Amino acid sequence: MDNRKRSSGTKQGYSFGTFGGVFTPSVLTIIGVIMFLRFNVVVGYAGLWNALLILAASKAITVITALSLSSISTNMRVKGGGAYYLISRSLGPEFGGVIAVFFYIAQTVAVTMYIIGFTEAVFSAFPNIPLSFRDVATLSNFIVFLVVYIGANWTIRVQYWILALMMLSILSFFIGGALGFSPEILQSNLAPEWKDGHSLFTIFALFFPAVTGIMAGVNMSGDLKDPSRSIPRGTFAAIGATGLIYALVTFLLAGSVPRAELISDGFVMKDRALFSPLIYAGVFCATLSSALGSMMGAPRILQAFARDDVFRGIKWLGRGSGKNNEPRFAIALTFVIAQAGIMVGDLDTVAPVITMFFLMTYGTVNLACFYEFISRNPSFRPTFRINHWIIALAGAVGCLAVMFLINAFWAFIAILLALLLYSVIRRIEIMVKWGDMQSGLAYQRARNALLRLEQERYHPKNWRPTILALSGGAYNRIHLAEYACWLSASHGIVSIGQVIRGNLDNLVARQREAEFLLRKFIREEGLNAFPAVVVDKNIHAGVQGMLQCHGLGGLRPNTLLLGWSQDAEKSEVFFGLLTLAKRMERSIVIVANKALDKEAHTVIADGAINIWWNNERDASLLLLLAYLLKKNSEWRTRPIRILRPVPYKADVMSISAAMREMLEGARIEAEIVILPCANPTFAVRTAMQPSAVLFASFDPPDEDNEAATAARMKKIVALPGDVLLVYNAGYNSLQA
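Novice: Help me out: how do you make sense of the pattern of salt bridges in this one?
Specialist: Where side chains of opposite charge bring their charged atoms close, a pairing between them can arise. With the rule as written, the count across this model stands at 12 salt bridges. Of the charged contacts, one joins Asp271 and Lys270 as a salt bridge, the two residues approaching to 3.1 Å between their closest N and O atoms. Classification of Asp271 by relative accessible area gives partly exposed; the value is 43%. Here Arg617 and Asp618 are joined by a salt bridge, their closest N and O atoms 2.6 Å apart. We classify Arg617 as partly exposed; its relative accessible area is 34%. In the salt-bridge network here, residues are joined through shared partners; they are Lys582, Arg617, Asp618 and Asp699.

In structure tokens:
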């Protein structure tokens, strides 16, 4: 099979198979500089058993992550960007953006690590080179840059020969180690010997970057012929093969090399190999191929991230060059960052930093898979089914725990930086063209909450305003939508309702357009509300249908909010709605806004939030709504003032004391003004000034007293400023 064969169609990039595109680059990255130059230190300090424990723990994390990768990659059409693409399409652009930045940095710094490892091997093989260590590393980095800049095709072609030479190198060590094996040496190397500031976790941090090569194949996802098939197969094959090789190397190092040599600065594997030049060749191949792999993978992550236009300032990094869409701008940036790493420090300093970034990437991959499982989205149908949400969660928690065990300070800094970057991307409010599982997870949470709410017995303590506001079409009577949201104060639910009169069969398109415009209006105005548009033969029937059917379970409207109408032609409909709401046991709020321009935003006047306390039945809802109104930032400076008219002969002291006791029980702060008077309306008009808004009670009319009720309501509405008439259907309590 030709792994380099280009697929037909319009796909840009290469079309590599499982062996060439995933298995080989993963193996070449895993069997790299750590194994040849630093694994002897791992065995020397940790001993055989702890070295195998470190290997097993590292492989366990990579196996779990590979399970998550396989589940996600077989559930979608995978394109370029590797882990970034998988995470952004699952958890959304915020999580994806964080991982793109962190994983790109990790891969770029990995180039530094491999170049440093290559340079160490060069000086070990040729100690008399006239150049400095930094000069050789810089030259090597530049050569890697040139090869990758020209194109990835050359690297993929020669990797089979590199792999073959690597296997010969390892075989040379296996034979030499077996010939020098000693049970006495093995016995002396079984237990750990922690010293020089090393511990199990510092050695784990030193070794873990060696197993991060499973991402090498994933990074090439855009250049694979069949990513959904190749990523799982190639990744697990690479993990299994390299795990066996590392286990054998661990055993032979512990059984053939004394501890003093293991922890020395010597080239231990070369000294124990049957033919030492092969070890040098293996190191050269391993480090350069790993550097090439990372130099190829990192720019592709950055390219995919830039193309998603999360940060517009880096969009130029998403440009591709040539027929294979090479990310040459991103490659150049990667070279510069890798060179900066070379100028900074040595291999032991770089390795723990890479460990932290890779662990965060692995943890996020597992978290994405976990959320895909628990969201129970019908669209999550991976063809790779050997996984469970418990395993994915264990992988995410395990990565987080290992981060803190390795270095709590840098783990905290890494998470803090991730949260900061997440918040920055979230503030941008990116409108993505792909779907992620955030909405699926929100749906599942809402479903579970609704089912639980349905099973709970109602108690007045849990009363919340669920308001249906009849504001009409989008941008009409904005003040009604504003007051509805203010009265809910993010504690309840607001639906903005519109009734289109006519026959639904003829008005389906208009209904959809009206709902679209209403949703657009809600979004543009920044309202926490839902649109509700129905088509019915008349307003009365439409509102009746919404009060009955809009919402689910405990989230059905319990309060109808509408505007005050002085239009005599609409009075029959207006009072009919009040009677309907009362009959259906819904509370009512009528907003009488005195602004001349009903399409303008509400201008809040200076003064108090006044409550005309004239009806014990409605008192609890009046005070609750006033309290909720005051919780909004726009109303926070307005004090609540209770105006209670009483007859001249009333016991003012007793009434005042009872009111204060009631407020203490309700845990609401308010000024109490007792008004002994003969004319309550006149007394309230005098005492309410200055007024930002007035809450007053009313009783919806019956058929035989509509005129008298309308006259009483007009007197109240005529008072200065905005007036909110409130009818309480019950189900709430101040003492709850």
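Novice: Looking at this structure, how should I read the packing of aromatic side chains?
Specialist: Applying the stated rule across the entire model yields 34 aromatic pairs. Ring centres 5.6 Å apart and planes at 15° place the aromatic pair Phe236 and Phe384 in the stacked group. Linking Phe236 in helix α10 (residues 227-256) with Phe384 in the loop between α15 (347-375) and α16 (389-406), this pair joins segments that are 148 residues apart in sequence. Overall, Phe384 belongs to the buried group, its relative accessible area being 16%. Pairing Trp316 with Phe329 gives two aromatic rings, centres 5.9 Å apart and planes at 85°, and the pair type is edge-to-face. Linking Trp316 in the loop between α13 (276-307) and α14 (328-344) with Phe329 in helix α14, this pair joins segments that are 13 residues apart in sequence.

Novice: Any chance you could explain the pairing of strand β6 (residues 608-612) here in plain terms?
Specialist: Two faces make up the sheet, and in a regular strand the side chains alternate between them. By the criterion of burial, β6 is predominantly enclosed, with 5 of the 5 residues buried. Burial along β6 is two-sided: the face carrying Ala608, Asn610 and Trp612 and the face carrying Ile609 and Ile611 are both buried. Both β6 and strand β9 (residues 691-697) contribute to a ladder of 5 bridges, which runs parallel. Considered in β9, the bridge of Asn610 is made with Leu694. Of the pairings in the sheet, the one linking β6 to strand β7 (residues 640-646) comprises 4 bridges and is parallel in character. Bridged to Asn610 within β7 is Arg641. Note that the unit made of β6, helix α23 (residues 616-630) and β7 has a crossover that is right-handed.

Novice: I keep staring at the sheet that holds strand β5 (residues 587-592) and nothing clicks. Help me out?
Specialist: Pairing between the strands of a sheet comes from backbone hydrogen bonds, and it takes one of two forms, parallel or antiparallel. Read from one edge of the open sheet, 10 strands run β3-β2-β1-β4-β5-β10-β9-β6-β7-β8, paired in mixed fashion. Among the strands making up the open sheet, the edge pair consists of β3 (530-536) and β8 (671-676). Between one strand axis and the next, the sheet turns by 25° as a mean value, whatever way the strands run. Across 5 bridges, the pairing between strand β1 (residues 466-470) and strand β2 (residues 493-501) is parallel. Its bridge partner lying in β2, Ala469 is registered against Ile496. Running at roughly 155° to β9, α23 makes contact with β5, β6, β7, β9 and β10 (722-727) of the sheet. Of the strands in this sheet, β7 and β8 are in contact with helix α24 (residues 652-666), which crosses β8 at around 155°.

Conventions we followed
Residues numbered from 1 in each chain as written. Predicted model: local features only at pLDDT ≥ 70, side-chain atom pairs only at ≥ 80, totals over all residues. Heavy atoms only, no water. Salt bridge = Lys/Arg side-chain N within 4 Å of Asp/Glu carboxyl O. Buried < 20%, exposed > 50% of the residue type's maximum accessible area, 1.4 Å probe, protein only. Phe/Tyr/Trp six-rings, centres within 6.5 Å; stacked < 30°, edge-to-face > 60°. Helix = DSSP H or I, 4+ residues; strand = E, 2+ residues; numbered from the N terminus. Pairing = 2+ DSSP bridges. Right-handed = clockwise from strand over helix to strand, strands pointing away. Axes fitted to C-alpha atoms, helices over the stretch in contact; angles between N-to-C directions. Contact = heavy atoms within 4.5 Å.

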